[in-house]
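# Architecture at a glance
The chain contents come next:
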Amino acid sequence: MDRRESLKSLLIGGVAGASLGVSSCKPNESNTEAQSTVNDGGGYGRTPSEMEHDRRVMAEEYLTEHELATIAVLCDIILPATETAGSATDAEVPVFIDFIVKDLPYQKLPMRGGIMWLDAESRKRYDRSFVDLNDAQQIAIVDDIAYPDPDGERPEMGPGIKFFSLMRNLTLTGYYTTKMGFDDLGYAGNRPNLWDGVPEDVLAEHDVDYDPEWIAKCINHDTREEVAQWDDDGNLLN
Amino acid sequence: MQIIESPKVYDAIVVGSGAGGGMAANILSENGLKVAVVEAGPFFDPKDPATMTQLKNPWESPRRGASTKRAFGDFDMSWGDWEVDGEPYTTAEGTSFKWWRARMLGGRTNHWGRISLRFGPTDFKHKDVDGLGENWPISYDEIKPYYDRLDKMIGVFGTKEGRYNDPDGFFLPPPKPRLHELYYIKGARKAGVPVIPSRLSILTKRINTERGVCFYCSQCNRSCNAYADFSAGSCLIFPAQNSGGQIDLYTNCMVKNVTTDDEGLATGVSYINKEDRQEYQLRGKTVVLGASACSSARILLNSKSKQHPNGLGNSSDHVGRYLHDSTGAGISAFVPSLMDRKVYNEDGVGGMHVYSPWWGDNSKLDFPRGYHIEVWGGMGMPAYGFGYNVDAMNKYIGGEVGGYGTKLRKDVKRFYGAVMGMAGRGEAVARYDNRCEIDPDTVDQWGIPVLRFDYRWSDYERLQAKHMIETFQEITHSMGGIVLGDPPGADRDYGLAAPGEIIHEVGTTRMGDDPRSSVTNKYQQLHDAKNVYIVDAGPFVSQADKNCTWTIMALSMRASEHIVSELKKMNI
């Protein structure tokens, strides 16, 4: 399977087996009856029309193999592997970029044009496309476009600076919205738990504290399963 | 095309299944009435795994939650937003209005912020204070018993604070503030702005044995599969069905008009079945409109007959008028001392744990009505857009802007959780000229004439937004933060959101004692047809500096019990 095919199969796998059922307009005497007519949601709670949109976007071919290869090189310059975390391509960021420029089509042209600009700059300097340069040559170009130019000292780099900024944004988003990115960030949410306030050591580190009067009114999780009862004045009894 | 009539006669046909319609369906069926609920979108149950987005990870979406298909992102549980395929609306030249329409059982309650604030005594009689707008024909004391029952029935956390115009209720205990909220408390108090625990309809504690208790994933906008937050399906309609209530749900059915007889009374509704595109009629002794303020106005205006030549309930020419949305403006702030944070799970409940109710004295200010402040921030779940602001923040701290590699990776972590924000939600003054009406030239894909909006802000709202922005800047500075971006000035109306963007539109069928200047009486019964009631935010005379949902429900409860009582007395 070539790179393009493997990308495609990764994307299409997500919606395989989607059905097109919709709920009925007849009166539903019970909830369960209606539920049985609902679609499978494409794995992330989609409606039938949203699944159709996904299928259409995934079926479209936009970025070429060369463009995706260029994106892969740039992604890994932006986020190379570390001792503890994988690289952007390890996190399949190019797959995300391949999808998102089709899903948000206003990004198509900046992506395609940016890659053309990069290749033109590479050929001007080294007579080769960007992906065919050695590491030092690639970094030499990247160093000219990875930083803004507020004083206009590198006016001819303008399109490249703009393109690299787009690549950096999409790479960061694509990376940190994966399991690998969550782990690198240390993200600890999106799971059932009981929030019981800011940890003591964090409070101490920041110059803030809990007002005892305020905290006294807050939920004591030991009582969460007891059905609430109030007196006539709205004072909670349990 | 033949209209297909149903032989069954319902005691009540409820149009719409959100806060107002859901409450009506619950109260009416619990009182033994045979109820039809007609909803323009599909069936939805928050615990259905096929449609559930709660606890999904961003990588389960190929676009990582971007807003391509849903205005608030892939995982937000609203089907339908400011745009609905095949159901357009228009605006008068030179004006702007954004009209949110949920198309699903439970309506907008499946994704809303659960901010559940009672209106206060002043809110019902604000004309007495400043001479603007109109007083409600009811007082806080008349509605208080319904708010009290609502608190116990649905559940809302908060604290007793004894503030006159922010009445206390029957509260569950609130969650403790998060770190950025402690910063906000400190900054706001320094700026003379009070802060109290927020009041959200989320169960921090059990209120019955049917619904679950919050497990702190902060995703109420995804609609809770444990039914621990308020949604109209899970908390009003399903419980009523489960306890034997006779409710027939007609989903994917778009009501076109109310049908009337020779005496001008309602006989039922006509609707389009979205699946076979045929028109059907349902018969009912009463019709209860809870389709949302503007949708109910549209249905009334499209219900013309010999007896109601100007549209049903519109002999006063007031249907669609006095439309008003909450005002909104906000800022984002970067707080350098929140950099390099220890990372832990601080999800909490869906939404803010603290907020600021209106504190000002408008007699000393250059705008007449108040606003409350909502706070956001923290170490949220990464989604599409994460990492886009690294350069901006480096600029503020004098760090190296741009770059790649290990340095970039470190920057992402340094800035994670260091951005927060404040948003004002304020009261606009209801005006006769701000309205929606039928666009004579345009129909939707169901052949139903659509609404045209004609809405303009006045200086009352612009100056209020100016005050918001100035206050947020002051609070930001007081907590050692930096406002991100240039604060909007007069050229941008101080960041005032376009009408409709805050999704609190009310007032289109306002209540009153005088049939010449109002659409319904104080029980939300049409002056012109006594067996038609409106239970959404249409009958609101004014919006207050609160959110409208809790008041929609308290009033819908009251109107529904009025229906039961009037049916018993054979008055309708």
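Residues numbered from 1 in each chain as written. Chains lettered and ligands numbered in written order. Predicted model: local features only at pLDDT ≥ 70, side-chain atom pairs only at ≥ 80, totals over all residues. Heavy atoms only, no water.

## Points about the overall build of chain B
Using the following cut-off: Secondary structure elements follow DSSP: runs of H or I of four or more residues count as helices, runs of E of two or more count as strands, with numbering from the N terminus. A radius of gyration in this sense is built from C-alpha atoms; the matching globule rule multiplies 2.2 Å by the number of residues raised to 0.38. Only protein chains enter the accessibility calculation, which uses a 1.4 Å probe; a residue whose area is less than 20% of its type maximum is buried, one above 50% is exposed, and one in between is partly exposed.
Assigned secondary structure in chain B consists of 11 helices and 16 strands. Compactness check: chain B gives a C-alpha radius of gyration of 24 Å against a globular reference of 25 Å for 572 residues, within 12% of the reference. Principal-axis analysis of the C-alpha atoms gives chain B an extent of 75 × 55 × 45 Å. A total of 572 residues make up chain B; the buried ones form 67% of that total.

## Some points on the interface of chain A and chain B
In plain terms, the rule: For this analysis, residues touch if any pair of their heavy atoms sits within 4.5 Å. Defined in terms of a 1.4 Å probe, buried area is the accessible area two parts forfeit on being brought together, summed over both. What makes a salt bridge here is a side-chain nitrogen of Lys or Arg within 4 Å of a carboxyl oxygen of Asp or Glu, nothing more. Two N or O atoms form a polar contact when they lie within 3.5 Å of each other; inside protein one atom must be a possible hydrogen donor and the other a possible acceptor, and for residues adjacent in sequence the pair counts only when both atoms belong to side chains. The residue classification treats Ala, Val, Leu, Ile, Met, Phe, Trp, Tyr, Cys and Pro as nonpolar and Asp, Glu, Lys and Arg as charged. All others, Gly included, are polar.
Contacts between the two partners involve 104 residues from chain A and, on the opposite side, 104 residues from chain B. Buried surface at the junction of chain A and chain B, summed over both partners, amounts to about 8800 Å²; 58% is from carbon and sulfur atoms. Taken together, the links from chain A to chain B amount to 12 salt bridges. With its nearest N and O atoms 2.9 Å apart, the salt bridge here joins B:Lys413 to A:Asp184. Inspection of the region where chain A meets chain B yields 49 residue pairs in polar contact (both at pLDDT 80 or more). Considering each element in turn, the side of chain A that touches chain B owes the most residues, 9 residues, to helix α8 (residues 158-176) of chain A. For the side of chain A that touches chain B, the class distribution of residues is 49 nonpolar, 31 polar and 24 charged.

## Observations concerning helix α5 (residues 179-190) of chain B
Inclusion rule: One less than the residue count of a helix, multiplied by 1.5 Å, gives the span that helix is expected to have.
Relative to the 16 Å expected for 12 residues at 1.5 Å per residue, α5(B) spans 17 Å between its end C-alpha atoms, a close match to the ideal helical length. Of all 12 residues in α5(B), 9 are buried; the element is thus mostly enclosed. For α5(B), every residue scored as buried is listed here: B:Leu179, B:His180, B:Glu181, B:Leu182, B:Tyr183, B:Tyr184, B:Ile185, B:Gly187 and B:Ala188. Each element contacted by the buried residues of α5(B) is listed here: α10 (200-205) and α11 (212-216) of chain A together with β10 (354-356), β11 (371-377), β12 (419-426) and α10 (459-478) of chain B. Positive phi appears at B:Gly192, one or two residues downstream of α5(B), with a value of about 80 degrees.

## Considerations on the packing of aromatic side chains
The relative placement of two aromatic rings is captured by the distance of their centres and the angle of their planes. Note the threshold: Side-chain rings of Phe, Tyr and Trp, where Trp is taken by its six-membered ring, are said to pair if the distance between their centres is within 6.5 Å; with planes under 30 degrees apart they count as stacked, over 60 as edge-to-face, and otherwise as tilted. The rule is short: NZ of Lys or CZ of Arg within 6 Å of the ring centre and within 35 degrees of the ring normal puts a charge over the ring.
All chains considered together, the criterion is met by 37 aromatic pairs over all chains. Relative to B:Trp79, the ring of B:Phe44 has its centre 5.3 Å away and its plane inclined at 80 degrees; by these criteria the two rings are edge-to-face. Note that B:Phe44 is positioned in the loop between β2 (35-38) and β3 (90-91) and B:Trp79 in the loop between β2 and β3, a separation of 35 residues in sequence. Classification of B:Phe44 as buried rests on a relative accessible area of 2%. On the basis of relative accessible area, B:Trp79 is assigned to the buried category, the value being 10%. When the centroid spacing of 6.2 Å and the interplanar angle of 85 degrees are considered together, the rings of B:Trp112 and B:Phe230 count as edge-to-face. Linking B:Trp112 in the loop between β3 and α2 (121-124) with B:Phe230 in the loop between β4 (196-197) and α6 (232-242), this pair joins segments that are 118 residues apart in sequence. Residue classification places B:Trp112 among the buried positions, given a relative accessible area of 12%. Linked through ring pairs, B:Tyr89, B:Phe97, B:Trp99, B:Phe453, B:Tyr455 and B:Trp457 together constitute an aromatic cluster. Residue placement shows A:Arg112 over the ring face of A:Tyr62; its charged tip is 3.9 Å from the ring centre.

## Observations regarding the confidence of the model for chain A
Rules: Values of pLDDT, the confidence the predictor places in each residue, fall between 0 and 100.
Chain-level statistics for chain A give a pLDDT mean of 87 and a share of 84% at 70 or above. Overall, residues 3-38 of chain A carries pLDDT values under 50, and its contacts beyond four positions in sequence, including any with other chains, amount to 82 contacts.

## What to know about the nonpolar core
Nonpolar side chains tend toward joint burial in soluble globular proteins. Our working rule: To define a nonpolar core, start from buried Ala, Val, Leu, Ile, Met, Phe, Trp, Tyr and Cys residues and group those joined through side-chain atoms within 4.5 Å. Domain limits in this description derive from either an automatic procedure or a database domain assignment.
Ranked by size, the top nonpolar core spans 157 residues in total, and within it A:Ile97, A:Met111 and B:Tyr184 carry the most contacts. A total of 9 residues in this core trace back to one element, the largest contributor, which is α8(A). Taken domain by domain, the makeup of this core includes at least three residues from each of domain 1 (3-185) and domain 2 (193-238) of chain A. Not counting residues up to four positions away in its chain, the partners in contact with B:Tyr184 are B:Val193, B:Val195, B:Val354, B:Ser356, B:Ile373, B:Val375, B:Met420, B:Met422, B:Ile475 and B:Met479.

## Overview of the environment of B:Lys306
Residues and elements named next belong to chain B. For Lys-306, the position within the fold is in the loop between α7 (293-301) and β9 (327-334). Taking relative accessible area as the criterion, Lys-306 reaches 73% and is therefore assigned exposed. Sequence spacing of Lys-306 and Glu-263 is 43 residues, and the spatial spacing of their C-alpha atoms is 9.8 Å.

## Considerations on helix α4 (residues 140-154) of chain B
For α4(B), spanning 15 residues, the distance from its first C-alpha to its last is 20 Å, which sits close to the expected 21 Å at 1.5 Å a residue. Taken from the residues just after α4(B), B:Gly155 is the one with a positive phi, measuring 90 degrees.

## Notes on the side chain of B:Gln543
All names here are of chain B. Take Gln-543: it is sitting in the loop between β16 (532-534) and α11 (549-568). The class for Gln-543 is buried, based on a relative accessible area of 0%. At 3.0 Å, the side chain of Gln-543 forms a polar contact with the side chain of Ser-326. From its side chain, Gln-543 meets the backbone oxygen of His-504 in a polar contact 3.5 Å long. Beyond its immediate sequence surroundings of up to four residues, Gln-543 is in contact with Phe-119, His-324, Ser-326, Glu-427, His-504, Val-506 and Cys-548.

## Some details on the state of the cysteines
Residue and element names in this part refer to chain B. This is how it is decided: The rule for a disulfide is simple: a pair of cysteine sulfur atoms within 2.5 Å.
Scanning the model with the defined rule gives 0 disulfides over all chains in all. Between Cys-214, a free cysteine, and Cys-220, which holds the nearest cysteine sulfur, the sulfur-to-sulfur gap is 6.1 Å. Among the residues examined, Cys-214 registers a relative accessible area of 7% and is labelled buried. Free cysteine Cys-235: the closest other cysteine sulfur is in Cys-224, separated by 9.1 Å. With a relative accessible area of 7%, Cys-235 lands in the buried category.

## Concerning the pairing of β11(B)
All names here are of chain B. Short version of the rule: Here, any two strands with at least 2 DSSP bridges between them count as paired.
With 5 of 7 residues buried, β11 lies mostly within the body of the structure. In this structure, β11 lies alongside β12, joined through 7 bridges in antiparallel fashion. Paired with Tyr-371 across the two strands is Gly-426, which belongs to β12.

## Structural notes on the sheet that holds β11(B)
Residue and element names in this part refer to chain B. Test applied: Every axis corresponds to a line fitted to the C-alpha atoms, with the helix fit spanning only the stretch in contact, and the corresponding angles, defined between N-to-C directions, vary from 0 to 180 degrees.
Reading across the sheet, the 6 strands line up as β4-β10-β11-β12-β9-β15 and stay open at both edges, with antiparallel pairing between neighbours. The open sheet has two free edges, formed respectively by β4 and β15 (482-483), since each of these has just one partner strand. One ladder, built from 8 bridges, connects β9 with β12; its direction is antiparallel. Bridge assignment links Ala-329 to a residue of β12, and that residue is Gly-424. Across the sheet, α5 touches β10, β11 and β12, and the angle it forms with β11 is around 140 degrees.

## What about the pattern of salt bridges?
Per the stated rule, a full pass over the model turns up 58 salt bridges over all chains. In this structure, B:Glu505 and B:Arg108 form a salt bridge, with 2.8 Å as the shortest nitrogen-oxygen distance. A residue pair is termed long-range when its members are at least 10 positions apart, and B:Glu505 in the loop between β15 and β16 and B:Arg108 in the loop between β3 and α2 qualify at 397 residues. For B:Glu505, a relative accessible area of 3% puts it in the buried group. On the accessibility criterion, B:Arg108 (22% relative accessible area) is partly exposed. Salt-bridge contacts for B:Lys466 lead to B:Glu470; the nearest nitrogen and oxygen are separated by 3.3 Å. Taken as a pair, B:Lys466 and B:Glu470 lie in helix α10 at a separation of 4 residues, close to a single helical turn. Connected via shared salt-bridge partners are A:Arg46, A:Glu50, A:Asp54, A:Asp103, B:Arg63, B:Arg70 and B:Asp74.

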